[in-house]
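Report on the structure
Single-letter residue listing:
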Amino acid sequence: GFADAFGSAARFNSPRGVTVDSSGNVFVAEDINDMIRRVAPDGTVTTVAGAPNIPGSTDGKGENARFRNPWALAIDSSGNLYVSDTTNHTIRKITADGTVSTLAGKAGTSGSTDGNGSAALFNNPHGIAVDGTTIYVADYNNHTIRKIVGNQVTTFAGEPGSSGAADGNGRNARFNRPKGIAVDRSGDLIVADSQNHTLRRIAPDAIVTTIAGSAGMLGSSDGPATTTARFTVPNAVGVDRNGDIYITELNKHAIRVLSNGNVSSFSGATIPGWVDGPAAAARFNAPTNIATDSFGAVYVADTKNHAIRKIDAQRNVSTLAGKPAAAIDGSGDSAGFIAPANLARDAAGNLYVADAGSNSIRKVTGRMVTTIATGVFSPSGVTVDGAGNVFFVEYGQRVWKVSPAGTATIYAGTGTRGGDDGPALSATFNLPQAIVVDTAGNLFVAEIGNSSIRKISPSGKVTTFVGQNGSPGDADGQGSAARLSFPTSLAIDNDGNLYVADSANGKIRKITPSAVVTTVATVSQPTGVAIDASGVLWTTDSQNTVRRIRQDGTIEIVGGSPGKAGNDNGMGQAARFNGLAGIVVIADQTVVVSDGLNNTLRLGIPKTARRRNVHR
């Protein structure tokens, strides 16, 4: 939403960027509202520039200026703000009186050209940092770090269009979609190298080294930075007055800290939520960017909670402004979801939603939304069998069953992370993400922690169906010889073949009833998968698009535009999504998707229906 107001009465829509000035004013870049806002030290929120949900690229003063998915902010000693205006592919400057100008890049034109002002080109710039009069930009899709002095843009490190993980000097080094960037006390740059799952340091002479994590190795292990520590898509970095580095992991809902060569968990957990209090007990929901002040406080853009959070020097978390979305039962637009994830449909046409942010399972009949189970830990996957039993998985490492009468019971798992097979209530799971049931009553569970597919027979026996628990990889094959990495969604066809959104591998995999795994399509970080009666596959992905994969292998974008976030209804690529997760087919060529960061379910219908193909 949008509202300039005090504290919890203020409303944000997917705040992404955050920075703080010497007086304690926090500035916020809002991805969906396309605005820059200010939060005063007392929590009063006002608009600096832009107008709510009116994207554009116009320079001007205050509310006359326009942005398109601004991602990150930095501020200089004179109070000038710098904005990475991501979908415009530009860097904008906002002076203290609210005047917005385009410092570098050309709106609507992506590229990697160095040059002066509008002659320089960027490709989805993300993180931004200021060191004196020099600006540094994490140029996400170019895999580079750019440097701006005056209006002159040069490539400081990395090679445009060439991803990798190599350390080295300047353009000999390689990055893989760098997202966050900050300057430390020594003038070194710290970079969150998101798809390498590492932190990199760039010295003033452009020497690049890896300082934490291991390239290509996902995880959440704490410990010595260069040996044991692991990250999962580090999103942003901030450096405090002591030189400690804070890291946000959006997908893990966590904030980590690198101090004296050791990585530890600072606040948040794998389970999303909205909890203030001591840092260790606090909960976030997709924390994106982070900033620090000179008094030892840390500020977080808590994106899915639509709030700005503050962690003081005593490690207490409070909500400075904004308030999370609400889970509300009701009809149509009066209903509310919080970060809806995977979806399922029963024979009668009812939809079931794993409403992760509200810790509940929701049922949609027509347009009426009701809650059928609550009080669980961030459910992410749901399915329903022929008898009307609803099964769902949660980050509490369990599988639950809800009977047609509404009785919820634990069906499998002990609540402890692991990969032990055996009787259902003795077996252990590791971040189960999706679930589907076949006509014989077998349940299949996709685990992102184990990178495997588990099978639960009708008699209650758990076995590992595909992959090897705790051993991610990328390999077709049969059973334990196959490898997956971060499987996020499952679908099943009439012949009992499974389809897996193998997210970290960027593939859709097919698994036969005899556990033979093959690759059927390559899609950038798929998040959801569904199959219709004719065998056509439908996917959602992290690029905010809905794609159709025909039986001949043809892949078409049927909704959304790659890398462009929003909440616009419209035809095909004119529509906008933000944080797409689950997808389900409800009729011929008609799908429903869970639009996670917009907290909505969206309907996509064929063009022949002569109406907009996306509807909230």
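Right above here is the structure, for reference.
Keep in mind it's a predicted model, so treat the numbers as computed, not measured.

Within this structure, the stated rule accounts for five aromatic pairs. Centroid distance Y246 to F266: 5.1 Å. Interplanar angle 70°. Geometry classified as edge-to-face. With Y246 in strand β22 (residues 245-249) and F266 in strand β24 (residues 262-268), the pair connects residues that are 20 residues apart, well separated along the chain. Residue classification places Y246 among the buried residues on the basis of a relative accessible area of 6%. R200 extends its terminal NZ or CZ atom over the ring of F175, reaching a point 4.9 Å from the ring centre.

Taken together, four strands build an open sheet; the order of strands is β35-β36-β37-β38 and the sheet is antiparallel. Only two strands of the sheet have a single neighbouring strand rather than two, namely β35 (379-384) and β38 (408-412). Going across the sheet, the axis of each strand differs from the next one's by a mean of 30°, ignoring polarity. When strand β37 (residues 398-402) meets β38, the two strands line up antiparallel, connected through four bridges. Bridge pairing in β38 links V399 to A412.

We now examine the pattern of salt bridges. Side chains that differ in sign of charge can pair as their charged atoms come close. The final tally for this structure, using the stated rule, is 30 salt bridges. Of the charged contacts, one joins D114 and R171 as a salt bridge, the two residues approaching to 3.9 Å between their closest N and O atoms. Highlighted residues: D114 in the loop between β9 (99-104) and β10 (115-116) and R171 in the loop between β15 (168-169) and β16 (178-183), separated in sequence by 57 residues. Since its relative accessible area comes to 36%, R171 is described here as partly exposed. The closest approach of N and O atoms between R509 and D474, which form a salt bridge, is 3.6 Å. With R509 in strand β47 (residues 507-511) and D474 in the loop between β43 (461-466) and β44 (477-478), the pair connects residues that are 35 residues apart, well separated along the chain.

Thresholds, definitions, all that
Residues numbered from 1 in each chain as written. Predicted model: local features only at pLDDT ≥ 70, side-chain atom pairs only at ≥ 80, totals over all residues. Heavy atoms only, no water. Phe/Tyr/Trp six-rings, centres within 6.5 Å; stacked < 30°, edge-to-face > 60°. Helix = DSSP H or I, 4+ residues; strand = E, 2+ residues; numbered from the N terminus. Buried < 20%, exposed > 50% of the residue type's maximum accessible area, 1.4 Å probe, protein only. Lys NZ or Arg CZ within 6 Å of the ring centre and 35° of its normal. Pairing = 2+ DSSP bridges. Axes fitted to C-alpha atoms, helices over the stretch in contact; angles between N-to-C directions. Salt bridge = Lys/Arg side-chain N within 4 Å of Asp/Glu carboxyl O.

Keep in mind these values describe shape, not function.
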